[in-house]
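Coordinate inspection notes
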Amino acid sequence: MKTKEVLILPGDGIGPEVCHEAKKVLEHINDTKDLGITISESAVGGCAFEEFGNPLPEKTLKLAQRSDAILLGAVGGPSWDNLDYDLRPERALLGLRSELDLFANLRPAILSKYLSDSSSLKPEKVLDLDMLIVRELTGGIYFGEPRGRSDTNESAFNTMVYSKNEIERIGRVAFEAAQKRNKKLCSVDKANVLEVSVLWREVISDLADEYPDVHLSHMLVDNAAMQLVREPKQFDVIVTGNLFGDILSDIAAMLTGSIGMLPSASLNSKNQGLYEPVHGSAPDIAGKGLANPIAAILSVAMMLKYSFSLNEASSDIEIAIQEVLSEGYITHDLEGNNNKKLSTSEMGNKIIEKLI
Ligand code: IPM
Ligand code: MN
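So, here is what we can say about the structure in this document. (Residues numbered from 1 in each chain as written. Chains lettered and ligands numbered in written order. Predicted model: local features only at pLDDT ≥ 70, side-chain atom pairs only at ≥ 80, totals over all residues. Heavy atoms only, no water.)

Brief notes about the nonpolar core
The biggest cluster of nonpolar side chains holds 67 residues, and the ones touching the most others in it are Phe-175, Leu-185, Leu-304, Ile-317 and Ile-351. At nine residues, helix H10 (residues 294-306) tops the list of elements feeding residues into this core. In this structure, Phe-175 is in contact with Leu-185, Ile-204, Leu-207, Ala-208, Tyr-211, Val-214 and Leu-216, ignoring residues within four places of it in sequence. Within the second largest apolar cluster, 19 residues are counted, among which are Leu-129, Val-221, Ala-224 and Leu-248. (Core = buried A, V, L, I, M, F, W, Y, C linked by side-chain atoms within 4.5 Å. Buried < 20%, exposed > 50% of the residue type's maximum accessible area, 1.4 Å probe, protein only. Helix = DSSP H or I, 4+ residues; strand = E, 2+ residues; numbered from the N terminus. Contact = heavy atoms within 4.5 Å.)

Here you go:
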């Protein structure tokens, strides 16, 4: 049998609390369904810097390379904001993405029908919203060389660069995702200004010939940001580069009411994946039982589906979460009946109850 080694990297802020609940759910489903998953844990981010002087210690990187899937909580916090660039907790995340070649970042934005009042848009604009942002994650301006400061320190620079190969491989992931959904793909770029976006558009357009069943459109990123808040349901799958995807996925997340609800998957070509909530470390609420563990638990559901092809176990978790929400139970980040507000661990337990 193929190994199923899961590494949990709780990280900083609310990361440990939400990972604790996600781990409970994973252990429960692993036991009841005899899935054969083994779980280990290691340090990452600011807490790893405190302990080992490195946000991505060698031991953690080795364990990550060896594992089939990783669940990461969150990294970062104010205590590490003034560290040198290479020691910041965020470097751990970027290091894992590039060392494991996790180029395909899938960020679904799905509105639960029980939460349409939590959206910042009118309920009718977002009712049944179900879209997927496919973000290129190991290239673009995040990793382009050269980067740095001028000799006189009077200027600083990064480079936005994409090769045809990089565009093609993320394009394929997006076309294939669109084929499994509503066969509608919108590629987002800034081709009216950036040379790199002109190439992006050419490569994506050429790929379209191989996916004749998918309707491809192109949109400039500024317009896409506007359209996401004007008429979000026009989108099904969006494919875009690293920086634009970072920004658009935060916009899309808020349309669903709470960033505390959204999972993500970052995959390489071997389906090894890093799964993490889209939210950050939220240091202001850390340790108080106020964090919403649903994004982390949904990240486990994505892991079961994408890294282990355990589709039934994955949808069991999604269904359990919808059942809990349908009964009006929420966490402190969501609008609703105050009497039904659960703490982080109460929400985890409630979801497990529904899984039995
Ligand atoms: C994200 C985050 C990261 C990013 C940061 C923490 C490096 O914002 O995953 O969206 O910019 O990619
Ligand atoms: Mn982001």
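Things to note about the packing of helix H1 (residues 15-33) against helix H11 (residues 311-326)
Two numbers describe a pair of packed helices, the interaxial angle and the distance between the axes. The interhelical angle for the contact between H1 and H11, taken along N-to-C directions, is 130°, at an axis separation of 11 Å. When the axis of H1 is compared with that of H11, the two are oblique. Two packed elements cross with a definite hand, and for H1 against H11 that hand is right-handed. Contacts between H1 and H11 involve Val-25, Ile-29 and Lys-33 from the first element and Glu-312, Ala-313, Asp-316 and Ile-317 from the second. Here the contact of H1 with H11 is composed, by residue class, of four nonpolar, no polar and three charged. (Axes fitted to C-alpha atoms, helices over the stretch in contact; angles between N-to-C directions. Parallel < 35°, antiparallel > 145°, perpendicular 65-115°, else oblique. Left-handed = near helix turned anticlockwise from the far one by under 90°. Nonpolar A, V, L, I, M, F, W, Y, C, P; charged D, E, K, R; others polar.)

Points about the packing of aromatic side chains
Summed over the entire model, instances satisfying the criterion amount to two aromatic pairs. When the ring of Phe-175 is compared with that of Tyr-211, the centres are 4.7 Å apart and the planes differ by 10°; the resulting orientation is stacked. Of this pair, Phe-175 sits in helix H6 (residues 164-180) while Tyr-211 sits in the loop between helix H7 (195-208) and strand S9 (215-220); the two residues are 36 residues apart in sequence, bridging distant segments of the chain. Assigned by exposure class, Phe-175 and Tyr-211 land together as buried. Positioned above the aromatic ring of Phe-103 is the side chain of Arg-169, whose terminal nitrogen or guanidinium carbon lies 4.0 Å from the ring centre. (Phe/Tyr/Trp six-rings, centres within 6.5 Å; stacked < 30°, edge-to-face > 60°. Lys NZ or Arg CZ within 6 Å of the ring centre and 35° of its normal.)

Some details on the pairing of strand S1 (residues 5-11)
Most of S1 is tucked away, with six of its seven residues classed as buried. By the bridge criterion, four bridges tie S1 to strand S2 (residues 38-41) in an arrangement that is parallel. Bridged to Val-6 within S2 is Ile-39. Since S1 and S2 lie parallel, the crossover through H1 that links them has a hand, and here it is right-handed. (Pairing = 2+ DSSP bridges. Right-handed = clockwise from strand over helix to strand, strands pointing away.)

A look at the sheet that holds S1
If you trace the ten strands from one edge of the open sheet to the other, you get S2-S1-S3-S12-S11-S4-S5-S10-S8-S9, paired in mixed fashion. Sheet topology places S2 and S9 at the edges, where each strand pairs with a single neighbour. Across this sheet, the average inter-strand angle for adjacent strands is 20°, counted without regard to direction. The pairing of strand S4 (residues 104-110) with strand S11 (residues 263-267) spans three bridges and is antiparallel. Residue pairing for S11: Ala-104 is matched across the bridge by Leu-267. Sitting on the sheet, H7 touches strand S5 (130-136), strand S8 (184-189), S9 and strand S10 (237-240), and the angle it makes with S9 is about 170°. Contacting S4, S5, S8 and S10, helix H9 (residues 242-255) runs over the sheet at an angle of about 155° to S5.

Things to note about the site of ligand 1
By nearness alone, every residue bordering ligand 1 is listed as Glu-90, Arg-97, Arg-107, Arg-135, Tyr-142 and Asp-246. Contact between ligand 1 and Arg-97: an oxygen atom at 2.7 Å from a side-chain N or O atom of the residue. Protein chains shield 74% of the accessible area of ligand 1, which is 320 Å² for the free molecule. Its residues assigned to classes, the shell around ligand 1 shows one nonpolar, no polar and five charged. (Near = heavy atom within 4 Å. Polar contact = N/O pair within 3.5 Å; in protein donor to acceptor, adjacent residues only side chain to side chain. Areas by Shrake-Rupley, 256 points an atom, 1.4 Å probe, with all protein chains shown as cover.)

Points about the environment of Leu-137
Note on placement: Leu-137 falls in the loop between S5 and strand S6 (148-149). By relative accessible area, Leu-137 is classed as buried at 0%. Taking C-alpha positions, Leu-137 is 30 Å from Glu-154, a pair spaced 17 residues apart along the chain. Excluding anything up to four places from it in sequence, Leu-137 contacts Arg-97, Leu-102, Phe-103, Asn-105, Phe-143, Asn-242 and Ser-266.

Quick look at the environment of Glu-202
Its place among the elements puts Glu-202 in helix H7. Spatially, the C-alpha atoms of Glu-202 and Ile-167 are 9.7 Å apart, while their sequence positions differ by 35 residues.

What about the packing of H1 against helix H12 (residues 344-355)?
Two elements in contact, H1 and H12, have axes whose closest approach is 9 Å; the angle formed by their N-to-C orientations is 15°. One element, H1, and the other, H12, form an angle in the roughly parallel class. H1 and H12 meet at a crossing whose hand is right-handed. Within the contact between the two elements, H1 uses Glu-17, Glu-21, Lys-24, Val-25, His-28 and Ile-29 and H12 uses Thr-344, Ser-345, Gly-348, Asn-349, Ile-351, Ile-352 and Leu-355. Residue classes in the contact of H1 with H12 are distributed as five nonpolar, five polar and three charged.

Thoughts on the side chain of Asp-189
Counting through the fold element by element, Asp-189 comes out in strand S8. For Asp-189, the side chain forms a polar contact with the side chain of Arg-201, separated by 2.8 Å. Ignoring sequence-local partners within four residues, the contact set of Asp-189 consists of Ser-197, Trp-200, Arg-201, His-218, Met-219, Leu-220, Val-221 and Phe-244.

Re H7
In this model, H7 (14 residues) spans 20 Å end to end at C-alpha, consistent with the 20 Å of a helix rising 1.5 Å per residue. Listed as buried for H7 are Val-196, Ser-197, Trp-200, Val-203, Ile-204, Leu-207 and Ala-208. Down the axis of H7, the buried set is contained in an arc of 145°. They therefore lie on one face. Structural note: H7 exposes Glu-195 and Asp-206 on the side pointing more than 90 degrees away from its buried face. Elements that come into contact with the buried residues of H7 comprise S5, H6, S8, S9, S10 and H9. (Expected span 1.5 Å × (residues − 1). Arc of directions from axis to C-beta.)

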